[in-house]
There are 2 protein chains.
Amino acid sequence: MSSPAARGRRPAAETRAEILGVALDLFTEKGYEATSVRDISEALGVTKSALYYHFRNKEEIVASLVAERREEVRELAAWISAQPRTPGLVREAALRWIAGTTPERLAMMRLAQANQPVMRRLSEDAADVPGAFEEVVGLLVGEHADEQQRLAVRMAFDTVRAALLAAQGTAATDRDVLEAARRATVALTRAEEGDTADR
Amino acid sequence: MSSPAARGRRPAAETRAEILGVALDLFTEKGYEATSVRDISEALGVTKSALYYHFRNKEEIVASLVAERREEVRELAAWISAQPRTPGLVREAALRWIAGTTPERLAMMRLAQANQPVMRRLSEDAADVPGAFEEVVGLLVGEHADEQQRLAVRMAFDTVRAALLAAQGTAATDRDVLEAARRATVALTRAEEGDTADR
DNA sequence: GTCTATATAGAGATAGAC
DNA sequence: GTCTATCTCTATATAGAC
């Protein structure tokens, strides 16, 4: 509204944040690779060169987008490690994670799911959201847990992404997705508790 | 083994099926857009032109891959529509779907998840696996079900993809994934039944 | 059926004026 | 901070020889 150099030229790109916003939308809709820098700049009403002033290259745009998300997962891991290890901790932590899911985080998740190859490439460099998540799993499950148990914990935790996947191309709203995730986590952690002599 | 013109030239591309196999791997690992036709042909030990003899363009390769999968979903829909509508049908149908999941289908699912943008593009043209799946959901849930209920059914059904997502980048085997999916479906449909006055 | 050679287009990225 | 102009590279796809 009243920023320093806001003399209002065009309804277009004045800031880095606007670029990121448009890029987020396009990368999610068309995919990262299929979206050219030109696509982004045109959606903003500027030329490619303008973007290269704000970002060194195309990958830095998507990397900026992901950076915030990494931080959130780190905070979650920190919170969990500060908790006493009770049997209900998986459910509690997962529900806490779901409850704290903002529309922005959902948008990031959609971005990540729509662009798994780039995300993997970014992980190899620095980012590593999955890696941070593995840390969380490690805190929740015992050391001598087998893959089967670890996977069950991951699924109980990962219900937002699962709901997002199931909601793809349907009329489900963000609210629907989060509510479905919450219920799924409850159901999956219920199974967990009563699963002493199964198999 | 003993095909007509199998005089065995090289350990390379003699058939369409080999091209599809290599393409499946590369598209899943690096992503469809990031994989060039040249990448595929070099992995086979031939030139690009050889591939253009078998496929009209790059997209036709991925379309061929997806075509088989569409058929499987159609068969499922046919089976479901032939069943009496009992309360336990969701669970039964989902478990049947999971039980019938071959390594090939899992590979296709990984491909689809790694390349959502192309898959969407293909759907707009002809394919439409998600559309076929919506048909299945329509058969399982009542007509006057709200988004929330439909989403719950989709999630109970979609546990293989959810497990695949959760297993990403871990040591989980295909067997682990399917077993986790089976358990998740059981847990999610258990919630379904006892969910008369929730909310 | 696979090759070499090439047409064509579009991508990411930079230089330098304003 | 954004522009125009341009460089360079690599992609898809085709033509025509063998």
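All figures in this text were calculated on a predicted structure; none of them were measured in a lab.

K.L.:
When you look at the overall build of chain A in this model, what are you seeing that I'm missing?
P.N.:
When its secondary structure is counted, chain A shows eleven helices and zero strands. Starting at the N terminus and ending at the C terminus, chain A contains elements arranged as α-α-α-α-α-α-α-α-α-α-α. Contacts in chain A between residues at least 24 apart in sequence constitute 69% of all its contacts with a sequence separation of at least 6.

K.L.:
Any chance you could explain the interface of chain A and chain B here in plain terms?
P.N.:
By a widely used convention, the size of an interface equals the accessible area lost when the partners come together. Taken together, the 35 residues of chain A in the interface contact 35 residues of chain B. Elements with a contribution of two residues or more to the side of chain A that touches chain B: helix H6 (103-114), helix H7 (116-125), helix H9 (147-157), helix H10 (159-167) and helix H11 (174-193) of chain A. Among the elements that make up the side of chain A that touches chain B, the one with the highest residue count is H11(A) (nine residues). For the side of chain A that touches chain B, the residue count by class is 19 nonpolar, six polar and ten charged.

K.L.:
Can you walk me through the relation of the copies chain A and chain B in this structure?
P.N.:
It takes a turn of 180° to lay chain A on chain B, together with a shift of 0.0 Å along the axis; the resulting RMSD is 0.0 Å. On this basis, the relationship between the two copies can be described by a two-fold rotation axis. Judged by C-alpha distance, A:Ala162 is the residue of chain A that lies nearest the rotation axis, at 2.6 Å. The overlap is high: 100% of the interface residues of chain A also sit at the interface in chain B, so the same surface is used on both sides.

K.L.:
Before we go on, may I ask you to explain the domain arrangement of chain A in this structure?
P.N.:
All names here are of chain A. Once the domains are mapped, chain A shows domain 1 (7-55) and domain 2 (66-193). Placing the centre of domain 1 and that of domain 2 at their C-alpha centroids yields a distance of 29 Å. Counting from both sides, the interface comprises five residues of domain 1 and, opposite them, six residues of domain 2. Looking at the side of domain 1 that touches domain 2 residue by residue, the class counts come to three nonpolar, two polar and no charged.

K.L.:
Can you walk me through the protein's contact with DNA strand C in this structure?
P.N.:
If you check the shell around DNA strand C, you find 15 residues, and the closest are A:Ser36, A:Asn57, B:Thr47, B:Ser49 and B:Tyr53. The set of elements that each furnish at least two residues to the surface near DNA strand C consists of helix H2 (37-44) and helix H3 (48-54) of chain A together with helix H3 (48-54) of chain B. Residue composition of the surface near DNA strand C, grouped by class: six nonpolar, five polar and four charged.

K.L.:
Help me out: how do you make sense of the nonpolar core in this one?
P.N.:
Here is a general trend for soluble globular proteins: nonpolar side chains tend to be buried in one another's company. Within the largest apolar cluster, 100 residues are counted, with the highest numbers of intra-cluster contacts made by A:Met155, A:Ala163, A:Ala184, B:Met155, B:Ala163 and B:Ala184. When neighbours within four sequence positions are excluded, B:Met155 is seen to be in contact with A:Ala162, A:Ala163, A:Ala166, A:Ala180, A:Ala184 and B:Leu188.

K.L.:
How do you make sense of the protein's contact with DNA strand D when you look at a structure like this?
P.N.:
Around DNA strand D lies a shell of 15 residues, among which A:Val46, A:Ser49, A:Tyr53, B:Ser36 and B:Asn57 are the nearest. Those elements giving two or more residues to the surface near DNA strand D turn out to be H3 of chain A together with helix H2 (37-44) and H3 of chain B.

K.L.:
In this structure, what is going on with the UniProt feature "DNA-binding region" (unreviewed entry) in chain A? I would like to understand it.
P.N.:
Summarizing the sequence annotation, UniProt attributes the feature "DNA-binding region" (unreviewed entry) to residues 36-55 of chain A in the numbering used throughout. Helix makes up 75% of residues 36-55 of chain A and strand 0%, whereas the separation of the span's terminal C-alpha atoms amounts to 14 Å.

Rules used in this analysis
- Residues numbered from 1 in each chain as written.
- Chains lettered and ligands numbered in written order.
- Predicted model: local features only at pLDDT ≥ 70, side-chain atom pairs only at ≥ 80, totals over all residues.
- Helix = DSSP H or I, 4+ residues; strand = E, 2+ residues; numbered from the N terminus.
- Contact = placed C-beta atoms within 7 Å.
- Nonpolar A, V, L, I, M, F, W, Y, C, P; charged D, E, K, R; others polar.
- Least-squares fit on C-alpha atoms with pLDDT ≥ 70 in both.
- Domains from an automatic or database assignment.
- Near = placed C-beta within 6 Å.
- Core = buried A, V, L, I, M, F, W, Y, C linked by C-beta atoms within 7 Å.
- Buried ≥ 20, exposed ≤ 12 C-beta atoms within 10 Å, placed from the backbone.
- UniProt positions renumbered as here; feature names shortened; annotations may be inferred.

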